[in-house]
Every structure is written in C-alpha cells, then in structure tokens.
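# Examining the three-dimensional arrangement
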Amino acid sequence: MYSLRWPFWKELDLYHPRWNSKDLQVAEERYMHFCSVSALTTQLPQWTKIHPPLRGIARVATCKVVLHIIRAVLFYAAFTFKSSESCAPDSVLLPALHLLSLSLDICFQQKESSENTCHDVSHLPIIAFSGEIIESSFGEQSLLSLLVLLMEMHRKENVDNFVEAGGCSLYTLIESLLKKFAEIDNRCMTKLQKLAPEVVSHISECVPTRDSSVSSSASDSEKRKAKARERQAAIMVGYCVFILF
C-alpha cells in the first residue's frame, strides 16, 4: 500500500468544488491516519495570487459583512456551548474559523506587500473592527473577546474535544488565529495582552522596543566606524611599504 509524501498532503484542499461529502470524509480520515493531525486545523484556506484585475475579490473576505457573519457564529457558539440546541455547532463554527483564517491570510500578505505601497492593513474592516464592542444580554463582547472565550471553553474540554471528522483541536486553531491578529496589528496586540496575555506573550517579547532599536543602530554605527578605521590602517600600511621599497 502506498501513501503520499508529506509535502503532497499539504496540498489537500478541503473546499475544492469537486468534493462530495463521502469522498471528503474519506480524505480527512486518511489525512488523520498518515499525518497524525486533523486536516480541519492544519489545511486552512490560504489566499493565492490571482489575475491582477480580480484582486478586488480579496476585499470580500475582509469586509465588514463577513466580520459580522463570523462574529455572529462565534457568539452563538460561545453562548450555546455544549447545548443540544446550539445555533452554531462545530459543523458551523469550523467554516467560520476557516473563513476568518483566510481573511487574516489576506491581511498578512497585504501587510508584507505594503512595504512598497501606501496600503495599511489596519484599515481593513476585519482588523479595524475586531475590537468593536457589541452589547448583549451576556455583556459586552467583541470578535477578539469571543475568540478568547471560545478558546478557553475548548481548552477546558482538553484534548478530548473531537469533531465528527476526528482529532480536531479547536483550542489550537483559535489560539493560532489570535496570534495572527497580534502579529498583523499593534492595536489587536494591545487588546489581546489584556484578554489573553499568555497567548501573545512570546510575540511581544520578540518585538524590539524603541530603546533596543536605538542601541542596535548605535552598535551598527560603531561597527561600521571600526571597519572604516581598519581599512584606513591597511591603506596606510600599504602606502608605507610602497615608499620604503
């Protein structure tokens, strides 16, 4: 019996239009068997470069309407958790999390490309309104706070939290999404430092402070000066040798 090499398993697309429910379930089970992780938390949808005139399609996944849809699913998932009449079971929650992952992937790619443009991803609705507070009978909530709440709920469920396809840790998936928010936008980082400091602590430690950047630039300047002095000394030695001989 043959099996795919690991790099090719990474090409599994859970949302390919050719899938039917039976074949998709078989593919997910095989992925779990050979890779020892769930495809539902590792094979997340990613944005790829498309024909330039169609770039505007990316705005659909990051628009405010999509944010409202995702936030509504998270809200019902959080406040009807473990209920037999849940309005957002895992079969609904997972696609919402996948859509959010796609949105953040678009934001991340645009942030990387914005070094040569004037585009600021912090103005994209999925980022700009991620901390927007909504009033409810359960108190004030935002997209970020709902994600943190769901993460904590599934963490308490421990590793026994499986969905029908098997082996899917929603805690790990939600945690990775929160880290993406923190990496993309400083305001999200600030909010998450209050909501879930343990999730973003390693990220904030990696971000250099102003003083460290100044000291780093100062040390680089000293190194350049030292190299310049070495070159000057070598030139002087060569000149002296030339004069003597």
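Source: prediction; values computed, not measured. For every chain, the first residue of the written sequence is number 1, and numbering continues from 1 onward in sequence order. Local features in a predicted model are, by the rule used here, given only for residues with pLDDT of at least 70; side-chain atom pairs are given and counted only at 80 or more, and totals for whole chains, interfaces and linings are based on all residues. To get the side-chain values, all heavy atoms of the structure are used, and hydrogens and water are removed first.

### As for the overall build of the protein
- The number of helices and strands found in the protein is twelve helices and zero strands.
- Helices and strands appear in the protein in the N-to-C order α-α-α-α-α-α-α-α-α-α-α-α.
- The burial tally for the protein puts 34% of its 245 residues in the buried class.
- Only the protein chains shown count as covering a residue, and every accessible area follows the Shrake-Rupley method with a 1.4 Å probe. As displayed, the protein has an accessible area near 16,000 Å², and 57% of this comes from carbon and sulfur atoms. Helix and strand definitions here come from DSSP, where helices need a minimum of 4 consecutive H or I residues and strands a minimum of 2 consecutive E residues; each element is numbered from the N-terminal end. Burial classes: relative accessible area under 20% of the type maximum marks a residue as buried, over 50% as exposed, and values in between as partly exposed (1.4 Å probe, protein chains only).

### A short note on the confidence of the model for the protein
- Of the residues in the protein, 73% have a pLDDT of 70 or more, and the chain-wide mean is 79.
- Taken together, the stretch residues 207-218 has pLDDT below 50 and engages in zero contacts with residues farther than four places along the chain or on a different chain.
- Counting interchain partners and residues more than four positions distant, the pLDDT-below-50 stretch residues 237-245 has zero contacts. For every residue, the predictor states its confidence as a pLDDT score lying anywhere from 0 to 100. Note on definitions: a residue-residue contact is assigned when non-hydrogen atoms from the two residues lie within 4.5 Å.

### Details of helix α2 (residues 21-35)
- Helices are assigned an expected span. That span is 1.5 Å times one less than the residue count. End to end, α2 covers 21 Å across 15 residues, agreeing with the expected 21 Å (1.5 Å per residue, within 8%).
- Along α2, the positions that sit buried rather than exposed are L24, A27, E28, Y31 and C35. Summarising the axial view, the buried residues of α2 lie within an arc of 100°, below the 170-degree limit, and thus occupy one face. Counted as exposed and oriented over 90 degrees from the buried face of α2: K22, R30 and H33.
- On the buried face of α2, the contacting elements are α1 (6-9) and α3 (39-42). Starting at the helix axis, one direction is taken to each C-beta atom, and the arc is that of these directions.

### Observations concerning a nonpolar patch on the surface
- Residues enter patches when their relative accessible area tops 30% and they take part in no salt bridge; the joining distance is 9 Å for like charges and 5 Å for the nonpolar side chains Val, Leu, Ile, Met, Phe, Trp and Tyr. The salt bridge definition used is simple: a Lys or Arg side-chain nitrogen within 4 Å of an Asp or Glu carboxyl oxygen. On the surface, a nonpolar cluster with roughly 330 Å² of combined accessible area is contributed by I50, L54, I57 and V60.
- Given a relative accessible area of 43%, L54 falls into the partly exposed group.

### A few points about the packing of helix α8 (residues 143-156) against helix α10 (residues 186-195)
- Axes here refer to lines fitted to C-alpha atoms; in helices the fit is confined to the stretch in contact. Angles between the N-to-C directions go from 0 to 180 degrees. One can describe the packing of α8 onto α10 by two numbers: an axis separation of 10 Å at closest approach and a directional angle of 40°. Considering the angle they form, α8 stands oblique to α10. Read as a crossing pair, α8 and α10 show a hand that is right-handed. Along its contact with α8, which presents L144, S145 and V148, the element α10 presents C188, K191, L192 and L195. Under this scheme an angle from 65 to 115 degrees is roughly perpendicular, one under 35 degrees roughly parallel, and one over 145 degrees roughly antiparallel; angles in between are oblique. Should the near helix be turned counterclockwise from the far one by less than a right angle, the crossing is left-handed, whereas a clockwise turn marks it as right-handed.

### Re the side chain of H98
- Relative to the helices and strands, H98 resides in helix α6 (residues 90-113).
- Judged by relative accessible area, which is 2%, H98 ranks as buried.
- If we ignore the near neighbours within four places in the chain, the residues touching H98 are L14, Y15, L40, L44, P45 and L173.

### Quick notes on helix α5 (residues 64-79)
- Counted at 1.5 Å a residue, the expected span for α5 with its 16 residues is 22 Å, and the 22 Å between its end C-alpha atoms agrees.
- Those residues of α5 that fall on the buried side of the exposure criterion are V66, L67, I70, R71, V73, L74, F75, A77 and A78.
- Close packing links the buried residues of α5 with α4 (58-61), α6, α7 (125-128) and α8.

### As for the state of the cysteines
- Criterion for a disulfide: a pair of cysteine sulfur atoms at a distance within 2.5 Å. Considering all chains together, one arrives at zero disulfides under this definition.
- A disulfide-free cysteine, C107 has its sulfur positioned 9.2 Å from the sulfur of C188, the nearest such atom.
- For C107, a relative accessible area of 0% puts it in the buried group.
- Residue C188 is classed as buried on the basis of its relative accessible area of 2%.

### Looking at the packing of α5 against α8
- For the pair α5 and α8, interaxial distance at closest approach is 9 Å and the crossing angle is 35°. Where α5 crosses over α8, the two elements pack in a sense that is left-handed. Of α8, the residues touching α5 (which contributes L67, I70, R71, L74, F75, A77, A78 and F79) are L143, L146, L147, L149, L150 and M153.
- Note that Gly is not counted as nonpolar here; it falls among the polar residues with everything else outside the nonpolar set of Ala, Val, Leu, Ile, Met, Phe, Trp, Tyr, Cys and Pro and the charged set of Asp, Glu, Lys and Arg. Each residue belonging to the contact of α5 with α8 can be placed in one class, and the counts come to 13 nonpolar, no polar and one charged.

### Considering the environment of L44
- The residue L44 is located in the loop between α3 and α4 in this model.
- The spacing of L44 and D105 is 61 residues in sequence and 9.7 Å in space, taken between C-alpha atoms.
- Those residues in contact with L44 that lie beyond four places of it in its chain are H98, S101, L173 and K180.

### Description of the nonpolar core
- As used here, the term nonpolar core means buried Ala, Val, Leu, Ile, Met, Phe, Trp, Tyr and Cys residues forming a set that is joined through side-chain atoms within 4.5 Å. By size, the foremost hydrophobic cluster in this structure holds 54 residues, and its most contacted members are L74, L97, L147, L178 and F181.
- Ranked by residue count, the leading element in this core is helix α9 (residues 170-184), at nine residues.
- With sequence-adjacent residues up to four places away left out, L74 is seen in contact with L93, L97, L143, L146, L147 and L150.

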